[in-house]
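What follows is the residue order along each chain.
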Amino acid sequence: MTTITNPVIFPEVATSNPLGKVSGGTGDTPGNQNAEIKKTTQDFEALFIGMMLKSMRSTVGTDSLTGGGHGEEVYRSLLDQEYAQEAARGGVLGLGRGLEEQLGWHIGHSEANDTRTKP
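Summary of the structure given here. All chains use their own residue numbering, which begins from 1 and follows the written sequence. Side-chain atom pairs in this predicted model are given and counted only at pLDDT of 80 or more, local residue features only at pLDDT of at least 70, and totals for whole chains, interfaces and linings cover all residues. Note that the side-chain values use all heavy atoms of the structure and ignore hydrogens as well as water.

**Overview of helix 3 (residues 70-90)**
Relative to the 30 Å expected for 21 residues at 1.5 Å per residue, helix 3 spans 30 Å between its end C-alpha atoms, a close match to the ideal helical length. Working definition: with a 1.4 Å probe on protein chains only, accessible area under 20% of the residue-type maximum means buried, over 50% means exposed, and in between means partly exposed. By the criteria applied, helices consist of DSSP H or I runs no shorter than four residues and strands consist of E runs no shorter than two, each listed in order from the N terminus. Buried residues of helix 3: D80, A84, A87 and A88, and no others. The buried residues of helix 3 occupy one face: seen down the axis, they fall within an arc of 95°. Residues Y75 and G90 are exposed on helix 3 and point more than 90 degrees away from its buried face. Positive phi shows up at G91, right after helix 3, with a value of about 70°. The span you would expect from a helix comes to 1.5 Å times its residue count less one. Each direction from the helix axis to a C-beta atom contributes to the arc, which is the arc of those directions.

Structure follows, in structure tokens:
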């Protein structure tokens, strides 16, 4: 029997707050911060579009030509995920852009008006 003495912890899994890097981490430049905000808001918009596509797909019956099945469901969900990511990159809904502006404004103002002591 093998015992694990030193478990590996992945840093991206260990962080509980995905915006932790954005909200004032050490060594973040404003350009890096803006890139993180943009990526996070695009990911959120892609998630939202993906949920919309999934909801829309549930209203449509199965295709008699391909016959449906588990394989088709899997590949259709992957295709919908790619559609959602491309739509978010293009800013189709504008949701990500609006969130990016709001987060940028909020982070800029909160840091300027923050009276708490920092470590």
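Right, picking up where we left off after that structure.
**Describing the side chain of E45**
Structurally, E45 can be placed in helix 2 (residues 30-57). Buried E45, no salt bridge; nearest opposite-charge side chain is R97, N-O distance 6.4 Å. Contacts were defined at the residue level, with two residues in contact if any of their heavy atoms lie within 4.5 Å. In this structure, E45 is in contact with A88, G91, V92, L93, G94, L95 and G96, ignoring residues within four places of it in sequence. For the purpose of charge, His is not counted, nor are the chain termini; Lys and Arg are scored as positive and Asp and Glu as negative. Salt bridges are defined by distance alone: a side-chain nitrogen of Lys or Arg within 4 Å of a carboxyl oxygen of Asp or Glu.

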